[in-house]
Amino acid sequence: MPRFRIPQSGRTPAADGTYHGRMKKFGLALALTCAVLSAHAGSTRQLPASLPVPGGLVVLDVGPADLPRPSVTHDGRPVLVTAEHGRWQALVGLPLSLHAGHDLIEIHEAGSARSVVFQTEDRSYPTQSLKVSPKHVDLSAADTARYNEERTRLDGLLGTFTDNEPERLLLLAPVKGQRSSSFGSRRIFNGAARNPHTGMDIAAATGTPVVAAAGGKVLDTHGYFFNGNTVIIDHGMGYLTMYCHLSRIVVRTGDSVAAGAPVGLVGATGRVTGAHLHFGVMLNHVWIDPQIVLPAAVVP
Ligand code: ZN
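In this numbering scheme, every chain counts its residues from 1 along its sequence in written order. The predicted origin of the model limits local features to residues at a pLDDT of at least 70 and limits the giving and counting of side-chain atom pairs to 80 or more, whereas totals for whole chains, interfaces and linings rest on all residues. Each side-chain value is worked out from all heavy atoms of the structure, with water and hydrogens disregarded.

Colleague: Which residues make up the layout of surface pockets, and what values do they have?
Modeller: Estimates place the volume of the largest pocket at around 1,200 Å³. Comment: elements are numbered from the N terminus, with helices defined as DSSP H or I runs of at least four residues and strands as E runs of at least two. Contributions of two or more residues to the lining of the largest pocket are made by strand 8 (127–130), helix 3 (141–158), strand 9 (178–179), strand 10 (186–189), strand 12 (200–203), strand 16 (239–246), strand 20 (276–283) and strand 21 (286–288). Counting residues per element, the lining of the largest pocket draws most heavily on helix 3, at six residues. Residues belonging to the lining of the largest pocket are distributed by class as follows: 21 nonpolar, 16 polar and eight charged. Using a 1 Å grid laid over the protein atoms alone, points where a 1.4 Å probe fits but cannot get out form a cavity; open sets with protein on both sides within 12 Å along at least 5 of 7 lines form a pocket; any residue with an atom within 4 Å of a point counts as lining. Grid points are joined across faces, edges and corners, and a volume is the space filled by probe spheres set on the points. Residues are sorted three ways: Asp, Glu, Lys and Arg are charged, Ala, Val, Leu, Ile, Met, Phe, Trp, Tyr, Cys and Pro are nonpolar, and all the rest, Gly among them, are polar.

Colleague: Report on the side chain of Asp143, specifying residues and quantitative values.
Modeller: Mapped onto the elements of the fold, Asp143 is located in helix 3. When neighbours within four sequence positions are excluded, Asp143 is seen to be in contact with Lys135 and Phe225. Any two residues whose heavy atoms approach within 4.5 Å are treated as being in contact.

Colleague: Can you break down the sheet that holds strand 3 (residues 77–78) residue by residue, with the values?
Modeller: Whether two strands pair depends on DSSP finding at least two bridges between them. In spatial order, the strands read 3-2-6-7; together these four strands make up an open sheet with antiparallel pairing. For this open sheet the edge positions go to strand 3 and strand 7 (112–120), each flanked by a neighbour on one side alone. Bridge count for strand 2 (residues 71–74) against strand 6 (residues 101–109) is three bridges, and the pairing is antiparallel. Paired with Thr73 across the bridge in strand 6 is Glu106.

Colleague: A description of the coordination of the zinc ion should follow, citing residues and the corresponding values.
Modeller: The coordination sphere of the zinc ion contains the protein donors His197 (NE2), Asp201 (OD) and His278 (ND1), at a distance range of 2.0 to 2.1 Å. In the primary structure, the donors to the zinc ion are separated according to the pattern H-x3-D-x76-H. Like His197, the residue Asp201 is buried in the burial classification. Only nitrogen, oxygen and sulfur atoms count as donors, using a 2.8 Å cut-off from the metal that widens to 3.2 Å for Na, K and Ca. Water is left out, so coordination shells may look unfilled. Only protein chains enter the area calculation, which uses a 1.4 Å probe; residues under 20% of their type maximum are buried, those over 50% are exposed, and those in between are partly exposed.

Colleague: Explain the sheet that holds strand 8 residue by residue, including any values.
Modeller: Ordered by their spatial adjacency, three strands build an open sheet running 8-10-11, and the pairing between neighbours is mixed. A single partner strand is all that each edge strand has here, and the edge strands are strand 8 and strand 11 (192–194). Sheet twist, expressed as the mean angle between neighbouring strand axes with direction ignored, is 30 degrees. One ladder, built from three bridges, connects strand 10 with strand 11; its direction is antiparallel. If you follow Arg187 over to strand 11, its bridge partner there is Arg194. Here an angle of 0 to 180 degrees is reported between the N-to-C directions of two axes, which are lines fitted to C-alpha atoms, with helices fitted over the stretch in contact.

Colleague: Now, about the packing of aromatic side chains: what can you tell me, with residues and values included?
Modeller: Pairing of aromatic rings covers Phe, Tyr and Trp, the last through its six-membered ring, and needs centres within 6.5 Å; plane angles under 30 degrees mean stacked, over 60 mean edge-to-face, and all others mean tilted. Inspection of every chain in the model, using the stated rule, returns four aromatic pairs. Here the aromatic cluster, defined as three or more aromatic residues joined through ring pairs, consists of Tyr147, Phe225 and Phe226. For the cation-ring pair, Arg271 lies above Phe189, with the distance from its terminal atom to the ring centre recorded as 3.8 Å. The lysine or arginine in question, Arg271, covers the ring of Phe226, its NZ or CZ lying 4.2 Å from the ring centre. Placement of a positive charge over a ring is assigned whenever Lys NZ or Arg CZ falls within 6 Å of the ring centre and within 35 degrees of the normal to the ring plane.

Colleague: Before we move on, can you summarise the nonpolar core with the specific residues and values?
Modeller: Side chains of a nonpolar character, in soluble globular proteins, are inclined to be buried together. Formed by 34 residues in total, the largest nonpolar core has its most connected members in Leu171, Val231, Tyr239, Tyr243, Val263 and Phe279. Among the elements of the structure, strand 1 (57–64), strand 12, strand 15 (228–236), strand 16, strand 20 and strand 21 are those that each provide at least two residues to this core. The greatest single-element share of this core, amounting to four residues, is contributed by strand 20. Leave out the neighbours within four places in its chain, and Val231 touches Val218, Asp220, Thr221, Thr241, Met242, Tyr243, Leu246, Ile249, Val251 and Val263. Membership of the second largest hydrophobic core comes to 15 residues, among which are Leu60, Trp88, Ala90 and Leu94. The nonpolar core is taken to be a set of buried Ala, Val, Leu, Ile, Met, Phe, Trp, Tyr and Cys residues, with the residues joined through side-chain atoms within 4.5 Å.

Colleague: Would you mind going over the environment of Met200 in detail, with residue names and values included?
Modeller: Its location among the elements puts Met200 in strand 12. Separated by 21 residues in the primary sequence, Met200 and Arg179 have C-alpha atoms spaced 6.9 Å apart. Setting aside anything within four residues of it in sequence, one finds Met200 in contact with Arg179, Ser180, Leu277, His278, Phe279, Pro290, Gln291 and Leu294.

Structure representation (structure tokens):
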């Protein structure tokens, strides 16, 4: 039987009926959870906390919400803007290539533009060495062509920005299991340096159900060379989640899914060392550390 840990940050899975229902089995845990929930009563929407580091995000006040919603860009890309306590707040995903110092967003409103500058900090990420099937490191000509085609396809999909505001900003855990903290780590596969890790790996047995971390529309279901069987969900305004290495996909492109609805089963398809879910979270076309927007880990 699983045990539940109260989120360390004070954040809760809010309207997460799944968690709440299970909590009824645990009297003390339920009482504690209700106390945490009531602390958030009156809040219209829970925002993640700013973490101005590579792979982090910043929440920036961009003006009073009684004015029309401003259009905000970062590095030329549109940014999620939501109202909180009567103010417009921009949620800006920061790339792993970010340097410490200053960065800025541009705010476009009523025919004029202004900048908001914010400070950024360093965060060091470790190097991780992994052993995988050689065909996923030294690619054949055919696999290289396939990968290049898939990269273009993925890049196009991940640039999706709709005007629909996400129903929630803090996400549900997509699967129960042991989480790695390897987001951002530089990866050495079979001794060869490759791209950094852009998501969170959650270890779980093949066949374990994987659920949508928030409501949205299925943007893609596809078998990718590295990512294996993959589902991408568009939550709106450039907020996307990606579920990789699935043994089975149970949704179709274009489906609307509710938070907590099944999207597939854990598997070991693509470039993997074993069965797990690779969970990616994207904001304004930037992969951010999923830990920032997930509740604290549930101990399996
Ligand atoms: Zn991964």
